[in-house]
Structures are given as structure tokens and as C-alpha cells.
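# Structural overview for review
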Amino acid sequence: MSTVEETANGAVATFGYARASRLFNAYRFVSRLGFHVPLVTLALIGQPLVMVGVLVASYGLASSFSGPLVQAIVGRLGLARTVALGEIGKAVGALGIGCLVAAPEISTHAFALIAAACQIVGGIGYTAAAIPDGMLAGRLRTLPDAPANTSEADARAASLMFAAFMVAGLAGAAIAQFNFPLPFFLGAAASFCGALVALRLVGLEAPRPAAGTSVPRPTESVGYSAVARDATFVYGLYRGASLSIQVGIMPLLLFIDRQMPVWLIGVAFATYTFTGYLSAKKYGAISGKLGDRAQALAIAALSVISLAGLALIPGMWVAIAPVPLFFAAGLVRPYCLPRITADLSDPAARQARIARAEKWFALVSAGMTLAAFVLLACGISLPVFFAVAACILGVSALVLAGRT
């Protein structure tokens, strides 16, 4: 049995699970080719520190607050077209930053305005692609000829996405050593290609409601239990802190303070990505050996070790300090998500609560990045910042351990 795919001239063609899965995995692979991701902060370094923090944080802020807008767009365009629109937004954001870097010098105010617009468009594009992406994945699993168990296929797809993100970041940093704007253009091209592939996925969608029909949105009426609240807090803090350190703080620390070559920053970026992926992949074996409370305690200890290392390790060796934190962050998602939704039975309510946790994660990432740059601009050293962050992360995980 098969589903349908709309073609450019309005005709329809049929395709089944095998072809739909190939198209969807091709989209996910291409869309994760973020050649420019490790370089965004470095592209903005010439601006005042506070401005750099605002510009880097604006991406996460735009992403976190654009959910209602994206839901409205999905209601009008459908899932696949919204994904394509999101990829175009990501491409425009990357292309704009690349053009800014490549262009002759312009005034600080003009640079900041254009860069802010690019970051905001890119952040909204990220959300517009990410929300329907998950819905399309669910639709793929419900195709009439889908296998009864798709977990193995899902694992392969996740590995491909991880490989694309890691290798593209590594390659982008290596290319930037010789031509700094080029990875931004490559990232934009990958997103444009992702948009074209996404348009081929229209047939995965359930029929849209008739015009004038309201589209129900996921709601959550059940109040948070203490465990769910603490798990949400830990989830946002750890994922937000790790993203902020990987994309915002470490490029600044390694490039400006420790004068590390750009290509080595790419190696560090790839190492952090791989560490988080590896710990998430091995979570089943780890959780089988450690009890619930021991897992939370391990997450707390790893975060404190990392942040202490960031504050104390001299020279370029500081690049290895975040590795334990990324190992902890990889454990946080499989550890926290079941606890965030344990008291809910309705799938829509579960989806709404996870969406809130993801929004909290984006806000923490943006806030932590902005705080680090503001403190530096005020003459407060990063070790002080890392000490405060260690206390917050460690205590949050200890509180969650006490609930289990």
C-alpha cells in the first residue's frame, strides 16, 4: 500500500514507506549540514562584546518564541511546506551572515541590524523546520505498509543526522581556515536543498482541515508534579548550557583567549557533538548499571567537573574540559523526558509538555550566552561565570536526585 505525493503540476504520484523513508532521511541528512554552525560567534567577534552576546542569543530567542507563529503556518501550508519554508529561513540567515563577513567594512550599527535580522530569520526558520519535522516522522511510522517496528530504522536515521551535523561542522571549520565566508554559503546551500527535498514529502501529511475549520493545538491541563517540574528544569538547564558553551562561549574562549586555530575549534565542536551522541546512545546500558538517583548524581558530578575544568585548565587544553558536561547532557534527554511526561496519558498533552521543555532549553541557551558576554564586557572573568553555572547545574541535578 502507498501514500500520495503532490507533484509540481498538481498531479499526484504514489509512493510507499520505502520511498517515503528514503526521502525523509535524505531531507534530515541534508538539513543537518550546518557547515557554518561552529563559526557564527567568530563571525560576529569584531563587534562589542555585549552586541555579540545579543546577536548570538537572538537566534535562540527567536526560535523559542516563534512556536505559535509556526503552528499558524502549519495550519495554512501543511507540514512539508512549512518545513521547506523553515529551511529557506535557515538558508537566508546563514547566507546573510556569510555576505556580511565577505562584504567590505560597514558601520557597526548597520552590521548589528543586518546580523540581528539574519539571526532572527534563521531562528524562526529553525523552529518552522523542527516542529513539523517531528510530526512528519510520526506520520511516516503510520503509513499502511510501514514495518511493525521502526526502531532500527529510526536509530539509523539518528546516526545519519548526527554524522551530518558533526562532519559538516568539522569540515566548515577546516574550510574557514582558508576562506571564512564559504562555510556560511555551503550551509545556506544545504538548507536550500533541504527545502527542495521537503517539498517532496507533501504526501506524508494527513489531509488538512477544510478552510474555516479550527486546527486543535496540543494542550496540557494537568499540573506539574514535583518530579516533572524538576526534570523540566534540569532538562532545560543542561541542554541549554551545553549548547551555549558549544556554540557561543567556547569559540570565544578558544579563539580570543587561547588563540586556537579555527580548524582546531572545529575539532573541539565535533568532539562535543560526538560525546553527547555517544552517551545518549549508551544510555540503556548506563541506566541498567546505575539506579535513578545514581544517574542524577553522576549528571551533577560530571557538570561540576567540566565547569571547574573550564575555570582552571590552562592553555589550549581547556578545550577538553566540556567533554564531561556533554556526556552528562547526552544522558539528560533520555533520563528526563520520561519523568517530564510520566503523569500524562494523552499524547497531545505529552507533546505540549515536551514543547515547553524545549522552549525552556532554548531560553536557557540564549540567556546563558548573553550573560557570559555581558559579564565579560563588565570586566568579570569567565571563571566566575563558570563557578556560578557549576553551582546552578549541580544543585538542580541534586534536587532531582532527591525526588527519585
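Our subject is the structure that appears above.
The paragraphs below set out a description of the structure included in this document. Just so we're clear, the structure is a prediction, and the values are computed from it rather than from any experiment.

About the criteria used
Residues numbered from 1 in each chain as written. Predicted model: local features only at pLDDT ≥ 70, side-chain atom pairs only at ≥ 80, totals over all residues. Heavy atoms only, no water. Core = buried A, V, L, I, M, F, W, Y, C linked by side-chain atoms within 4.5 Å. Buried < 20%, exposed > 50% of the residue type's maximum accessible area, 1.4 Å probe, protein only. Helix = DSSP H or I, 4+ residues; strand = E, 2+ residues; numbered from the N terminus. Axes fitted to C-alpha atoms, helices over the stretch in contact; angles between N-to-C directions. Parallel < 35°, antiparallel > 145°, perpendicular 65-115°, else oblique. Contact = heavy atoms within 4.5 Å. Nonpolar A, V, L, I, M, F, W, Y, C, P; charged D, E, K, R; others polar. Expected span 1.5 Å × (residues − 1). 1 Å grid on protein atoms, 1.4 Å probe; cavity = no way out; pocket = protein on both sides within 12 Å on 5 of 7 lines; lining within 4 Å. Points joined across faces, edges and corners; volume = space filled by probe spheres on them. Salt bridge = Lys/Arg side-chain N within 4 Å of Asp/Glu carboxyl O. Phe/Tyr/Trp six-rings, centres within 6.5 Å; stacked < 30°, edge-to-face > 60°. Lys NZ or Arg CZ within 6 Å of the ring centre and 35° of its normal. Patch = residues over 30% accessible without salt bridge, like charges linked within 9 Å, V, L, I, M, F, W, Y side chains within 5 Å. Areas by Shrake-Rupley, 256 points an atom, 1.4 Å probe, with all protein chains shown as cover. Left-handed = near helix turned anticlockwise from the far one by under 90°.

### Some words on the nonpolar core
- If you look at the biggest cluster of nonpolar residues, it comprises 69 residues, and the most contacted ones within it are Leu44, Tyr238, Ile245, Leu310 and Cys336.
- Top contributing element to this core by residue count: helix α9 (residues 226-257), with 12 residues.
- One finds Ala20, Leu23, Ala128 and Leu140 within the second-largest nonpolar core, a separate group that totals 25 residues.

### Focus: the packing of helix α3 (residues 49-65) against helix α14 (residues 347-377)
- Taken N-terminus to C-terminus, the directions of α3 and α14 make an angle of 175°; their axes are 8 Å apart at the nearest point. Considering their axes alone, α3 and α14 lie roughly antiparallel with respect to each other. Touching Leu49, Val50, Val52, Gly53, Val54, Val56, Ala57, Gly60, Leu61, Ser64 and Phe65 of α3 are Lys359, Ala362, Leu363, Ala366, Thr369, Leu370, Phe373, Val374, Leu376 and Ala377, all from α14.
- Within the contact of α3 with α14, the residues separate by chemical class into 16 nonpolar, four polar and one charged.

### A short note on helix α10 (residues 262-281)
- Over its 20 residues, α10 runs 29 Å from end to end, which matches the ideal 28 Å to within 8%, given 1.5 Å per residue.
- Listing the buried residues of α10 in full gives Val262, Ile265, Gly266, Ala268, Phe269, Ala270, Tyr272, Thr273, Thr275, Gly276, Tyr277 and Ser279.

### With respect to the environment of alanine 328
- For alanine 328, the location among the structural elements is in helix α13 (residues 323-340).
- Taking C-alpha positions, alanine 328 is 12 Å from glycine 240, a pair spaced 88 residues apart along the chain.
- In this structure alanine 328 touches Tyr238, Ile299 and Leu302, once residues within four positions along its chain are discounted.

### Things to note about empty space enclosed by the protein
- A complete count under the given rule lists two cavities of 30 Å³ or more for this structure.
- Empty space within the largest cavity amounts to approximately 50 Å³.
- Lining of the largest cavity is provided by Pro38, Gln246, Met250, Pro251, Leu254, Ile265, Ala268, Phe269 and Tyr272.
- For the lining of the largest cavity, the secondary-structure elements that each account for two or more residues are α9 and α10.
- Classifying every residue of the lining of the largest cavity by side-chain character gives eight nonpolar, one polar and no charged.
- Empty space within the second largest cavity amounts to approximately 40 Å³.

### Section: the pattern of salt bridges
- Tallied over the full model, the rule gives nine salt bridges.
- Here arginine 258 makes a salt bridge to aspartate 257, at a shortest N to O gap of 2.6 Å.
- Residue classification places aspartate 257 among the partly exposed positions, given a relative accessible area of 49%.
- Close ionic contact of arginine 333 with glutamate 358 constitutes a salt bridge, the shortest N to O distance being 3.1 Å. A residue pair is termed long-range when its members are at least 10 positions apart, and arginine 333 in helix α13 and glutamate 358 in helix α14 qualify at 25 residues.
- Residue classification places glutamate 358 among the partly exposed positions, given a relative accessible area of 24%.
- Salt bridges sharing common partners tie together Arg28, Arg32 and Asp133.

### What to know about the side chain of threonine 275
- Within the secondary structure layout, threonine 275 lies in helix α10.
- We classify threonine 275 as buried; its relative accessible area is 10%.
- When neighbours within four sequence positions are excluded, threonine 275 is seen to be in contact with Val323, Phe326 and Phe327.

### Considering the side chain of serine 365
- Turning to its location among the elements, serine 365 is positioned in helix α14.
- When near neighbours in sequence (up to four residues on either side) are disregarded, serine 365 contacts Gly240, Leu243 and Ser244.

### Some remarks on the environment of alanine 195
- In this structure, alanine 195 sits in helix α8 (residues 182-198).
- Overall, the relative accessible area of 6% leaves alanine 195 in the buried class.
- Distance from alanine 195 to histidine 109, taken between C-alpha atoms, is 32 Å for residues 86 residues apart in sequence.

### Here's the deal with the packing of aromatic side chains
- Under the counting rule described, the total for this entry stands at eight aromatic pairs.
- Ring geometry for phenylalanine 385 versus phenylalanine 386: centroids 5.8 Å apart, planes at 65°, classification edge-to-face. With respect to burial, phenylalanine 385 and phenylalanine 386 carry one shared label: buried.
- Among the aromatic side chains, those forming a connected cluster through ring pairs are Phe162, Phe274 and Tyr277.
- Geometry around phenylalanine 361 places arginine 239 over its ring, the cationic atom sitting 4.6 Å from the centre.

### Quick notes on a nonpolar patch on the surface
- On the surface, Ile88, Val92, Leu95, Val121 and Phe192 cluster together to form a nonpolar patch covering roughly 350 Å² of accessible area.
- With three residues, helix α5 (residues 79-102) is the single largest residue contributor to the nonpolar patch.

### Some remarks on the packing of helix α4 (residues 67-77) against α5
- Packing of α4 against α5 brings their axes to within 7 Å, and their N-to-C directions diverge by 130°. Taken together, the axis directions place α4 and α5 in an arrangement best described as oblique. When you trace α4 past α5, the crossing you get is right-handed. Judged by residue contacts, Val70, Ile73, Val74 and Leu77 of α4 engage Leu79, Arg81, Thr82 and Leu85 from α5.
- Across the contact of α4 with α5, the residue classes break down as six nonpolar, one polar and one charged.

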